[in-house]
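Coordinate analysis (summary)
Spelled out from the first residue to the last, the chains are:
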Amino acid sequence: MSQLIPSTTPIRTFENHEQAIWAVAVFPDKRRMITGSDDNTLRLWDLETGVVLKKMEGHSNLVHALAVSRNGQIIASGDFGGEVIAWHGETGESITQPIKAHSKNIRSVDFSPDGMVLATGSWDNTVKFWSTKTWQMQGDPMECYNHGVNCVRYSPSGELLAIAHALSKIEIYNPGTREQVASLTAWSLSLAWTPDGTRLLSGGLHSISEWDTSTWQQDGQPWGGHTININAIAIHPTGTLVASASEDNHVRLWRLSDQRTIAVFQHSSIHRCVTFSVDGKHILSGGEDRQISEWAIPKDAHSKILDITTARDACLTGDLSIAEALLTQDVHTNVDDFISYANRSFVMARKHDLDNALEDAIKSINIRPSLVGFISKGIALCGKGHVCEARIAFDVASMFTNQDSETNQFLLLIKAIALFSADQHEEAMLLIKDLAVACPNVDPLARRVVETYLRVQLGIKAFDGARHDEAADHFTTAVNSGAFSSKFMPQMYEDLTVLFGWDLESLLLTTHQKRCQAFLSAGKPDEALEAHKYMMDAIDDIAKASCLDWSNEFKEKCSTLAADNDRILGAEIPGQEQDGYDADPNFFYGTHQHSQISRPRLQQRPGRLKRFRFAMTRRPQEAPAPAPPTTSPPPSKLIYDTYSPGHPIMQRRLSSMFHSRKLKSVILLRMLLAQTRTSYLMNISIPSNRTLIRNSNSNHTSNHTSNHTSKQ
């Protein structure tokens, strides 16, 4: 794995303490921070301005522990001399006098989730519980068998309390009954629960251990990276990231799903404490340098596919051979690197080397089942057309999302894309639709981006199949979604580029161009020009310059087709004489010419529509009833009657073609009518199918009569 370069420059620092800072916490109002120091004081900070709101004095010894209740109403602090002080969460004024809680250094304090109890842990080998109403001790102290207490932490539900002892032991208790639930072997200075309570993390010498709270077994290998004691651990509000502060002067940012370091922040001295901002965008850490440093969490920190390394960058730029080589090097360095196998599977799938993609996915899962391992297997199986097996792989992957709603949605969106690529279009679109109904508030933009991208692919397939109206509908829906912008490429969707090679930046221009072409190919120049204007208003100057030649050629094609349409729709029906039949036809009589700029839109030309409507509804004038014919009318006369514009059949046909904008068909049919009327007036028979059938029937009848007479 490529080495990360530590960041040495925080975005800002909070400086006011006179000695080392040992403890830090933030308030749920997102506006304030509290710190405890070896200068025997606490300080209340304004996070927006960086100003100290209050210097809180009262301790007579080093302040090494503090906590804020979940409602932000109470602050509790413990010092090296064993005293506890409670403070008002809003004003910073002390609620109690110093309480002699322990005989030795208080290393950790924590509020129960309901804020009714404060637990304190000390190097005097005891844990005590204090009522936040009376500030009296509840029950007897919990003895820790001659082991000093480094950390105490309530579980998110408050049903369990984890206690880290100084000598390689973590004990889990029911705080209500004081019964021990589990005992874990690990030396730890700090503890942290995931928000869902399914994992407990412990930080000790060099590494972090992850414990499954359903079995109390260690999950995987310890997280390596630090070189000396880990003094503090904090978990991101979403439960997806972990921060650790160490005596090696580094804060490391980890991704919980794959236990990988994704960023390193370097102090000038030892780190003692660390926490996340309430909004999850920053890390706050402090130590021997007497200041709190604020670090920005990388934009890609929540990425679930590929670490922020050179291999990821190569995938984003399309240099798949470089990405493959880098990941292969990682695999050769560590044959048990299950993440690198899964990531190389993604690269091989993009290169359409699906056999090797599936092989790498299976290797990753065999080493250690994981979210990325089963995602890579699902994608490879879809690529090979094994849709049923792919569905199973994606279903199993859902077991590794830690019940995080955003991760679940991310997985289902990848599943939809993979199924779509396997020609399961309806299932993929239905999955996205159902996802929107089930989780309407979970990152709706992510769903809209994926749905719009797939909608564009449906439009391209329809266009390639000459279903131009259908294609235009798909492209119009995509454009109207507002999911893409030529000026905005969301960092959170880079995973889609890594996995599938999506180019979301150019998709907006591509969709607009395809939409214009679909309207034009459907014989709708007015809509095509309107779509072109909308496109030019929506894209930026760089995109306009890149498609200038295409734009000019497209407008010329629209102008040509529009001129043809004008000649068709502007043509007058030839005049009729008193006998009810048309005179010699003049199809191009009354043609109007319009330039592209001045040509009005269709709905703005009532005269043209009026002429066309009159032509469609006009019938031959009534003539005096002729004497009954003694013979049948000639075939050409029957053809003329049936194919006259006034005939009901022809009225329906011309009207249908006009409203469906089949303009070329209107031209051909009108020309046929003209030829038919001319041929009749010149007494020339038209050998149409109708005439041939009539002649054939006549000949058959004549032959049958002749044969019958001969026999008689």
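What you see is a predicted model, and the numbers here were worked out from it, not measured in a lab.

**Structural notes on the environment of Leu-191**
Structurally, Leu-191 is set in strand E18 (residues 190–193). A sequence separation of 28 residues divides Leu-191 from Ile-163, and the C-alpha atoms of the two residues are 8.2 Å apart. Contact partners of Leu-191, with chain neighbours within four places excluded, come to Cys-151, Arg-153, Ala-162, Ile-163, Ala-164, Ile-170, Leu-200, Leu-201, Ser-202 and Ile-233.

**Brief notes about the pattern of salt bridges**
In the structure shown here, the tally under the stated rule is 24 salt bridges. Here Asp-29 ties to Arg-32 by a salt bridge, and the two come within 2.9 Å at their closest N and O atoms. For Asp-29, a relative accessible area of 25% corresponds to the partly exposed category. Between Arg-199 and Asp-219 there is a salt bridge, and its shortest N-O distance comes to 3.0 Å. Of this pair, Arg-199 sits in strand E19 (residues 199–203) while Asp-219 sits in the loop between strand E21 (217–218) and strand E22 (223–235), and the two are 20 residues apart along the sequence. What makes Arg-199 buried here is its relative accessible area of 15%. Through salt bridges with shared partners, a single network forms among Arg-199, Glu-210, Asp-212, Asp-219 and Arg-368.

**Some details on the environment of Ile-414**
Within the secondary structure, Ile-414 sits in helix H7 (residues 405–421). Separated by 36 residues in the primary sequence, Ile-414 and Val-450 place their C-alpha atoms 9.0 Å from one another. Filtering out sequence-adjacent residues up to four positions away, Ile-414 remains in contact with Ile-375, Ile-379, Phe-394, Leu-499 and Phe-500.

**Things to note about the sheet that holds strand E16 (residues 170–174)**
The sheet built from four strands is open, its strands ordered E14-E15-E16-E17 with antiparallel pairing. Looking at strand neighbours, the two that pair on one side only are strand E14 (149–154) and strand E17 (179–184), the edges of this open sheet. With direction set aside, neighbouring strand axes in the sheet form an average angle of 20°. The pairing of E16 with E17 spans five bridges and is antiparallel. By the bridge assignment for E17, Asn-174 is matched with Glu-179.

**Considerations on the packing of helix H2 (residues 320–333) against helix H3 (residues 338–350)**
Following both chains from N to C, one finds H2 and H3 inclined at 155°, their axes separated by 9 Å at the closest point. Here H3 runs roughly antiparallel to H2, going by the angle between their axes. H3 is crossed by H2, and the crossing has left-handed handedness. Contact residues: H2 offers Leu-320, Ala-323, Glu-324, Leu-327, Thr-328, Asp-330 and Val-331, while H3 offers Ser-340, Tyr-341, Asn-343, Arg-344, Val-347, Met-348 and Arg-350. Considered class by class, the residues forming the contact of H2 with H3 number seven nonpolar, three polar and four charged.

**Brief notes about the packing of aromatic side chains**
Applying the stated criterion to the full structure yields eight aromatic pairs. For the pair Phe-14 and Trp-45, a centre-to-centre distance of 5.7 Å together with 80° between the ring planes defines the contact as edge-to-face. On the criterion of sequence distance, the pair formed by Phe-14 in strand E1 (residues 12–15) and Trp-45 in strand E4 (residues 42–46) is long-range, its members being 31 residues apart. In terms of burial, Phe-14 and Trp-45 fall into one category: buried. Here the aromatic cluster, defined as three or more aromatic residues joined through ring pairs, consists of Tyr-453, Phe-500 and Trp-502. Just above the ring of Tyr-534 sits the side chain of Arg-515; from NZ or CZ to the centre is 5.9 Å.

**Some words on the layout of surface pockets**
The volume enclosed by the largest pocket comes to roughly 1500 Å³. In terms of lining, the largest pocket is formed by 50 residues, of which the most central are Asp-110, Arg-153, Ile-233, Ala-234 and Thr-275. Residue assignment for the lining of the largest pocket shows that the elements contributing at least two residues are strand E2 (21–26), strand E6 (63–68), strand E10 (106–111), E14, E18, E22 and strand E26 (271–276). Classifying every residue of the lining of the largest pocket gives 31 nonpolar, 13 polar and six charged.

**Regarding the sheet that holds strand E12 (residues 126–131)**
Taken in spatial order, the four strands line up as E10-E11-E12-E13 in an open sheet, and their pairing is antiparallel. Each of the sheet's edge strands pairs with one partner strand only, and the pair in question is E10 and strand E13 (142–143). Sheet topology places E10 next to strand E11 (residues 117–122); five bridges connect them, and they run antiparallel. For Asp-110, the partnering residue across the bridge sits in E11 and is Ala-119.

Conventions used here
- Residues numbered from 1 in each chain as written.
- Predicted model: local features only at pLDDT ≥ 70, side-chain atom pairs only at ≥ 80, totals over all residues.
- Heavy atoms only, no water.
- Helix = DSSP H or I, 4+ residues; strand = E, 2+ residues; numbered from the N terminus.
- Contact = heavy atoms within 4.5 Å.
- Salt bridge = Lys/Arg side-chain N within 4 Å of Asp/Glu carboxyl O.
- Buried < 20%, exposed > 50% of the residue type's maximum accessible area, 1.4 Å probe, protein only.
- Pairing = 2+ DSSP bridges.
- Axes fitted to C-alpha atoms, helices over the stretch in contact; angles between N-to-C directions.
- Parallel < 35°, antiparallel > 145°, perpendicular 65-115°, else oblique.
- Left-handed = near helix turned anticlockwise from the far one by under 90°.
- Nonpolar A, V, L, I, M, F, W, Y, C, P; charged D, E, K, R; others polar.
- Phe/Tyr/Trp six-rings, centres within 6.5 Å; stacked < 30°, edge-to-face > 60°.
- Lys NZ or Arg CZ within 6 Å of the ring centre and 35° of its normal.
- 1 Å grid on protein atoms, 1.4 Å probe; cavity = no way out; pocket = protein on both sides within 12 Å on 5 of 7 lines; lining within 4 Å.
- Points joined across faces, edges and corners; volume = space filled by probe spheres on them.

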